[in-house]
Amino acid sequence: MENRTLFPTEEGTPQGGIVSPTLANMTLDGLEKVLHETFHVRRVKGKSYSPKVNLVRYADDFIITGDSKELLEDKVLPLVETFLRDRGLQLSSEKTCITHIDQGFDFLGQNIRKYGGKLLIKPSRKNTQRFLEKVRTLIRSNPTVDQATLIGLLNPVIRGWANYHRHIVAYRTFCRVRMELWRSLWQWAKRRHPQKPAQWVIQRYWNTQSGKWVFEEKSGKRLHKGKPVRLQLVDPTDIKSGDTPRLCQTPIRMIRAAASILKNVP
């Protein structure tokens, strides 16, 4: 629609387009009201009973809680399907599931689950795997670029992903991601210098700071106070998450992997 004139089109909304979440919010607006009106608190045998039906929605992704699996399967699910059908939509069978909170579920790239009665939210495995595949592809597809360019390509991706998960229980995942980044960057560096010894490669591309190996471009330039200009790869464990320990030590797996590589590579 433009200037109050409708221009009919048979094309759908592009996936990821700016208008897509707006249309989703407009279409699903009213679902929460329907749920609250249908599953409200009522008195049963003189006692108050709450079905605990609540909705959490983000664009076209939503969670509906319920007091029991039977309630969700027999009453809530048919109501939602009817609500969507009236608007020309239907639930995705692949993305829709009914599960117990102790089994957990993924929502917006994060896993929500109770462990021994304690609710913990962590980065989901699928989200972490997609992120690692993205950075590995960036590294593999840029075998000849200089170190500064590679760092410039990786840093926004790493920083954006880590900042998204920084408010949840993500430190262990951040440590694993750091380890995988180190492996991929080591392979990238060794392919560039197949005839050079491991110690030379380390000194060329890494710097040791507080017991950690930092992938750093050594430009040789200095600031006006004499401090060297350093372009470093973002370390996800440097971004504080909901469970970041006060003293962040280099993971023992990373130390062992580095020692193994240095032992086996001439």
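Everything below is about the structure shown above.
Here's what I pulled together on the structure shown here. Owing to the predicted nature of the structure, the values given are computational and were not obtained by experimental measurement.

Cut-off values and rules
- Residues numbered from 1 in each chain as written.
- Predicted model: local features only at pLDDT ≥ 70, side-chain atom pairs only at ≥ 80, totals over all residues.
- Heavy atoms only, no water.
- Axes fitted to C-alpha atoms, helices over the stretch in contact; angles between N-to-C directions.
- Helix = DSSP H or I, 4+ residues; strand = E, 2+ residues; numbered from the N terminus.
- Left-handed = near helix turned anticlockwise from the far one by under 90°.
- Contact = heavy atoms within 4.5 Å.
- Nonpolar A, V, L, I, M, F, W, Y, C, P; charged D, E, K, R; others polar.
- Core = buried A, V, L, I, M, F, W, Y, C linked by side-chain atoms within 4.5 Å.
- Buried < 20%, exposed > 50% of the residue type's maximum accessible area, 1.4 Å probe, protein only.

With their axes 11 Å apart at the nearest point, helix α2 (residues 31-38) and helix α3 (residues 69-85) run at an angle of 145° to one another. Crossing of α2 over α3 shows right-handed handedness. Between α2 and α3, the residues in contact are L31, V34, L35 and T38 and V76, L79, V80 and F83, respectively. Classifying every residue of the contact of α2 with α3 gives seven nonpolar, one polar and no charged.

Judged by nonpolar contacts, the single largest core of 32 residues is most densely connected at W206 and F215. Counting only elements with at least two residues in this core, the list comes to α4 (125-140), α5 (147-164), α6 (171-192) and α7 (198-205). Broken down by element, this core gets its largest block of residues, nine residues, from α6. Not counting the four nearest positions on each side in its chain, W206 is found in contact with W182, L185, W186, A189, V201, W213, V214, F215 and K218.

What follows covers unusual backbone geometry. Located in the positive-phi region is A59, a residue other than glycine, with phi close to 55°. Along the chain, A59 falls in the loop between β3 (54-58) and β4 (61-65). Here A59 falls in the buried class, since its relative accessible area comes to 14%. Despite not being glycine, L108 shows a phi value in the positive range, around 55°. We classify L108 as partly exposed; its relative accessible area is 32%.

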